[in-house]
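So you can see what is in the structure, the chains are spelled out below.
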Amino acid sequence: MSDKKTSNQMWGGRFASGPAAIMEAINASISFDRKLYAQDIRGSIAHSEMLAQTGIISAADQEKIAHGLNTILKEIEAGTFEFSTRLEDIHMNVEARLADLIGPAAGRLHTARSRNDQVAVDLRLWVKDECFRVAEALKGLIQALLDRAEEHAATVMPGFTHMQAAQPVTFGHHCMAYVEMFSRDLSRTRDAIERMDESPLGAAALAGTSFPIDRHQTAKALGFREPMRNSLDSVSDRDFALEFLAMAAICATHLSRLAEEIIIWSTPQFGFIRLSDSFSTGSSIMPQKKNPDAAELVRGKTGRVTGHLVGLLTVMKGMPLTYGKDMQEDKESVFDAAETLDLMLAAMTGMVSDMTVNAAAMKKAAGSGHATATDLADWLVRTLGLPFREAHHVTGRAVALAEEKKVSLEKLSLEDLQSINPGITSDIFSVLAVQNSVKSRTSFGGTAPSEVRKQIRHWKKRLAKG
């Protein structure tokens, strides 16, 4: 048996050429890190300008480098640039093409720089840009929810605990709960930008450089607040990617919760809302079906985003300082999570914006399950001075009587209620109607339409201020 045949059997059909083919396949990242081309070129131009200003390279070489890099940028955007897996990554692909275009001057660009700090700054710039995109998408979703909340500030619906009707609320109040959630996501996104607003460029491989570079200049040129203060941390840190993925996972979880409610609300059994045809599909066999596919996909994609967070946390947990090739696994997870979250936000904004709300079905459901029982207990405490635990017991007997008679609490007669507690008067009926119940919840953050409108005004002002 020849050595070649043995090698082929060992490495398998896909890697018939042996270890070299396997190494190229596992080592190359150009298939995904080409997404960083704009950031890579931007960082290289800033680096070259700093090198020229500090006298490390000549102004003439810098001019050639900048012209060549801008030419490459145009080629990539035009789709004429040829990417090569043999050149491993976006950095080497750009550098090789630059050498083709401008000759020996291209070799001066990498002075006082390593691929370690180069990839760190590229990805950091990309994630920072993505955070700004997510922030804009979140503002759009929040605005859509505010619009629906304002439209339905007084539309009564059941509020749930344990998926059982608990107390009546308004649909506007329910929408505003998600405004609060997504506003926290927006806040987390902005906080993440603040923390990642430091430049790793100039840390070189890990120890800095003996060249008289100006890291403050490149940081400013790239839109960072300042350079990172430790060269080891500069090249090994991926907190910014982890924080982005954590923010994305939390936001996706909020989107999934709303998606789940949309799915439930759109069932014939609830009938609270109807999604437009733009966000629904039919069945191939059941002509009566209208499936909330967009909401189901938002719910399903949440696991994908969360998985990327867990994956990168696992990669980073055993990484000694500083750089290891393991960190190449950061990009695909970040890129896919970002693309997925962008799509989820767009789909949810669309669903919220054009869903049809069935106010009558909501109001009818709000009166089921004796949802005003707490209002009865509160009235007994407030009007008759009963201790709450006693009021709770009286209310429980009233609920039992209503179930026995197969009526709602407000349909019990005064005599029925007085048979449980003689002190009850006809005033009790003012709190047993669901509309009156929600109007009475005027505590800060409560479901009363007046309070809901107050919170809508608050968030509109905050959104307008940015």
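Counting restarts for each chain, with residues numbered from 1 along the sequence as it is written. Where local features are concerned, this predicted model is filtered to residues with pLDDT of at least 70; where side-chain atom pairs are given and counted, the filter is 80 or more; whole-chain, interface and lining totals use all residues. In computing side-chain values, all of the structure's heavy atoms are included and hydrogens and water are not.

Student: Account for the packing of helix α15 (residues 373–384) against helix α16 (residues 388–405), with residues named and values stated.
Tutor: Each pair of packed helices gets described by two things: the angle between the helix axes and the distance between those axes. All axes are obtained by fitting lines to C-alpha atoms, using only the stretch in contact for helices, and the reported angles, taken between N-to-C directions, cover 0 to 180 degrees. Each helix is a run of DSSP H or I of at least 4 residues and each strand a run of E of at least 2, with the numbering of both proceeding from the N terminus. In contact at an axis separation of 8 Å, α15 and α16 are set at 135° when each is read in the N-to-C sense. The angle between α15 and α16 places the two elements in the oblique class. The element α15 and its partner α16 pack so that their crossing is right-handed. Contacts from Ala373, Leu376, Ala377, Asp378, Leu380 and Val381 in α15 reach Phe388, Ala391, Val394, Thr395, Ala398 and Val399 in α16. Under the scheme applied here, ten amino acids are nonpolar (Ala, Val, Leu, Ile, Met, Phe, Trp, Tyr, Cys and Pro), four are charged (Asp, Glu, Lys and Arg), and all others, including Gly, are polar. Within the contact of α15 with α16, the residues separate by chemical class into ten nonpolar, one polar and one charged. Working rule for angles: under 35 degrees goes down as roughly parallel, over 145 as roughly antiparallel, 65 to 115 as roughly perpendicular, anything else as oblique. For a crossing to be left-handed, the near helix must be turned anticlockwise from the far one by less than a right angle; the clockwise case is right-handed. In what follows, residue pairs with any heavy atoms lying within 4.5 Å of each other are defined as contacts.

Student: Quick rundown of the packing of helix α7 (residues 115–151) against helix α20 (residues 449–465)? Include the residues and the values.
Tutor: It is the contact of α7 with α20, at a shortest axis distance of 11 Å, that shows an interaxial angle of 155°. On the basis of their axis angle, the class for α7 and α20 is roughly antiparallel. In this structure, α7 meets α20 at a crossing whose hand is left-handed. Contact residues: Lys139, Ile142, Gln143, Leu146, Ala149 and Glu150 in α7; Ile456, Trp459, Lys460 and Leu463 in α20. Taken together, the residues of the contact of α7 with α20 break down into six nonpolar, one polar and three charged.

Student: Let's hear about the side chain of Gln455: which residues, and what values?
Tutor: Locating Gln455 in the fold gives a position in helix α20. Beyond its immediate sequence surroundings of up to four residues, Gln455 is in contact with Met176, Phe444 and Gly445.

Student: A description of a nonpolar patch on the surface should follow, citing residues and the corresponding values.
Tutor: Patch definition: residues with relative accessible area over 30% and no salt bridge; like charges joined within 9 Å; nonpolar side chains (Val, Leu, Ile, Met, Phe, Trp, Tyr) joined within 5 Å. Per-residue accessibility takes into account occlusion by the displayed protein chains alone, with areas from the Shrake-Rupley method and a 1.4 Å probe. Each salt bridge in this description consists of a side-chain nitrogen of Lys or Arg and a carboxyl oxygen of Asp or Glu lying within 4 Å of one another. Where nonpolar side chains cluster on the molecular surface, the patch consists of Leu206, Leu232 and Leu321 and spans about 270 Å² of accessible area. Among the secondary structure elements, Leu206 is positioned in the loop between β3 (198–199) and α9 (215–221).

Honestly, it's all geometry; don't read function into it.
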